[in-house]
Amino acid sequence: MQAKEYNRRGKELVDYITQYLSSIRERRVIPDVKPGYMKELLPDSAPTEPEGWESIFKDIEKVIMPGVVHWQSPNMHAYYPSLTSWPSMLGDMLADAINCIGFTWASSPACTELEIHVMDWLCKALGLPSFFLHHHPDSIGGGILQSTVSESTLVALLAARKDRILQLRAEMDQDLEDSVLNCRMVAYASDQAHSSVEKAGLISLVKIRFLPTDEHFSLRGDTLKQAIQEDRRRGLVPFMLCATLGTTGVCAFDNLSELGPVCAEQGLWLHVDAAYAGSAYFCPELRWSLEGIEFADSFVFNPSKWMMVHFDCTAFWVKDKYKLQQTFSVDPVYLRHENSQAATDFMHWQIPLSRRFRSLKLWFVMRSFGLKNLQAHIRHGIEMAKLLESQIKTDPAFEVPAERHLGLVVFCLKTVE
């Protein structure tokens, strides 16, 4: 395929995508297929000779669509929101064409600098502390776009662990291996925390204690403090709390105003996971759960859930970028450049080396909608949830076992005696 045909086929595919999303409510949300369905539809080996685009295009409906879960359908209510929008898709279209590998500033200055700016825009729009800003005279922190909240939780845990190991080394008389110190580490989360916290512990070989929550499914300060004291008596080294704002199960909120001071007093890294709820903070009246955010060392949320910026796009901020860099920095000569000291190189803020131009779609969305319309979008979603909740409560067959927060309504069938 050459440029002329690409131009024609690209327009055809845009038309197909427009038609697909405009009529998506007519499609069955969950596919009626069994594991291995595609084996009968595809040859065993790749084609030796090139195939025409017409043949490839026909197979979208024949091979792909029968096995697609239509996440953008208004009838899709499983898992969690995963919204896209026209400006977001245009952003990735351009990013895919540029196809830069933005590991350093020098590898694509625009990729790094736009990300810095939109992360500052987003930080201010959500009402987060100024120490998360790149461009602020009193800040040594900043934000970066990661692939997922799961990856960001692991990044925060690894940075917190490295920081504590360095502190322990400075305090100790003997020289112990990191692995010896690591086996004494313990981190905390509530029993409502996302499974990614458990996975981060498995990867890092760090003990994770999941602490009980109160009647509102919220982790409280006294519970954390008691767990820290117990573990210190056992010879363990508490080093991190992953607090959740908007849990996966019921959209509950850990009590940051209590947990933050405990973390500060006990020397724990406070990581805040607001994967779903983070988008709600565009609306000032919804920021009540952010009380105590001034104690956070890192904060993460998914614009790819409720902000209409499609996957993957995860916003992650740290209070002290140097604690990330001391964890992930490698400095081979072939990646150095003349502006290494003055510029931000995001490869030192993450696990992979390579990174996509994710900020384009975020930039397109924030400019195309504006904060006013993003706020309206969030408020409308909450009003729809309130409406659903009111209708469920009038039906004697159902009950609402947990308080509604934001756009998530928890309901179940009543038990028949």
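What this report covers is the structure whose coordinates are included nearby. None of these values were measured; they are calculated from a predicted model.

1. Quick word on the environment of Glu285
So, point 1. Looking at where Glu285 falls in the secondary structure, it is placed in the loop between strand E5 (269–273) and strand E6 (298–301).
So, point 2. For the pair Glu285 and Ser359, spaced 74 residues apart in the sequence, the C-alpha separation amounts to 27 Å.
So, point 3. Looking at Glu285, its side chain comes within polar contact range of the side chain of Arg379, at 2.7 Å.

2. What about the packing of helix H4 (residues 109–126) against helix H12 (residues 359–393)?
So, point 1. Where H4 contacts H12, the two axes come as close as 9 Å, and the packing angle between them is 40 degrees. Between H4 and H12, the angle is such that the two are oblique. Crossing of H4 over H12 shows left-handed handedness. Along its contact with H4, which presents Cys111, Leu114, Glu115, Val118, Trp121, Leu122 and Ala125, the element H12 presents Ser359, Leu360, Leu362, Trp363, Met366, Arg367 and Leu371.

3. Focus: unusual backbone geometry
So, point 1. With an omega of 0 degrees, the peptide bond running from Phe311 to Asp312 counts as cis.
So, point 2. As for its position among the elements, Asp312 is in the loop between helix H10 (303–306) and strand E7 (314–318).
So, point 3. You will see that Tyr79, though not glycine, has its phi angle at about 60 degrees, which is positive.
So, point 4. Tracing the chain through its elements places Tyr79 in the loop between helix H2 (53–64) and helix H3 (86–98).
So, point 5. The phi torsion at Asn99 lies on the positive side, around 50 degrees, for a residue other than glycine.
So, point 6. Within the secondary structure, Asn99 is located in the loop between H3 and H4.

4. Describing the nonpolar core
So, point 1. Leu122, Leu224, Leu241, Phe299, Trp317 and Leu406 are the most contacted members of the largest nonpolar core, which totals 64 residues.
So, point 2. Counting residues per element, this core draws most heavily on H4, at 8 residues.
So, point 3. Apart from the residues within four sequence positions on either side, Leu224 is in contact with Tyr188, Leu211, Leu241, Leu259, Val262, Cys263 and Leu268.
So, point 4. Ranked by size, the runner-up nonpolar core spans 34 residues in total, among them Ala189, Met240, Cys242 and Phe316.

5. What to know about the sheet that holds E6
So, point 1. Spatially, E1-E7-E6-E5-E4-E2-E3 is the arrangement adopted by the 7 strands of the open sheet, whose pairing is mixed. Unpaired on one side and paired on the other, strand E1 (142–146) and strand E3 (207–211) mark the two borders of the sheet. Between one strand axis and the next, the sheet turns by 20 degrees as a mean value, whatever way the strands run.
So, point 2. Here 5 bridges tie E1 to E7, and the two strands are oriented antiparallel to one another. The partner of Leu145 across the bridge, within E7, is Ala315.

6. Some points on the side chain of Ser298
So, point 1. By the element assignment, Ser298 lies in strand E6.
So, point 2. Under the relative-accessibility criterion, Ser298 is labelled buried at 0%.
So, point 3. At 2.9 Å, the side chain of Ser298 forms a polar contact with the side chain of Trp269.
So, point 4. Here the side chain of Ser298 touches His271 through a polar contact of 2.7 Å, side chain to side chain.
So, point 5. Once residues within four sequence positions are removed from consideration, Ser298 is found in contact with Phe132, Ala156, Trp269, Leu270, His271, Val272, Phe316, Trp317 and Val318.

7. A few points about a nonpolar patch on the surface
So, point 1. On the surface, Val14, Leu90 and Met93 cluster together into a nonpolar patch covering about 260 Å² of accessible area.
So, point 2. Mapping Leu90 onto the fold places it in helix H3.
So, point 3. Using a relative accessible area of 47% as the deciding quantity, one classes Leu90 as partly exposed.

8. Remarks on the pairing of strand E4 (residues 237–244)
So, point 1. A large share of E4 lies buried, amounting to 8 of its 8 residues.
So, point 2. In this sheet, E4 lies alongside strand E2 (residues 185–190) in parallel orientation, the contact comprising 5 bridges. Residue pairing across strands places Met185 opposite Val237, the latter belonging to E4.
So, point 3. Where E4 lies against E5, 5 bridges are found, and the strand directions are parallel. Bridged to Cys242 within E5 is His271.
So, point 4. With respect to chirality, the unit in which E4 leads through helix H9 (residues 256–266) into the neighbouring parallel E5 is right-handed.

Each value, and the rule that gives it
- Residues numbered from 1 in each chain as written.
- Predicted model: local features only at pLDDT ≥ 70, side-chain atom pairs only at ≥ 80, totals over all residues.
- Heavy atoms only, no water.
- Helix = DSSP H or I, 4+ residues; strand = E, 2+ residues; numbered from the N terminus.
- Polar contact = N/O pair within 3.5 Å; in protein donor to acceptor, adjacent residues only side chain to side chain.
- Axes fitted to C-alpha atoms, helices over the stretch in contact; angles between N-to-C directions.
- Parallel < 35°, antiparallel > 145°, perpendicular 65-115°, else oblique.
- Left-handed = near helix turned anticlockwise from the far one by under 90°.
- Contact = heavy atoms within 4.5 Å.
- Core = buried A, V, L, I, M, F, W, Y, C linked by side-chain atoms within 4.5 Å.
- Buried < 20%, exposed > 50% of the residue type's maximum accessible area, 1.4 Å probe, protein only.
- Pairing = 2+ DSSP bridges.
- Patch = residues over 30% accessible without salt bridge, like charges linked within 9 Å, V, L, I, M, F, W, Y side chains within 5 Å.
- Areas by Shrake-Rupley, 256 points an atom, 1.4 Å probe, with all protein chains shown as cover.
- Salt bridge = Lys/Arg side-chain N within 4 Å of Asp/Glu carboxyl O.
- Right-handed = clockwise from strand over helix to strand, strands pointing away.

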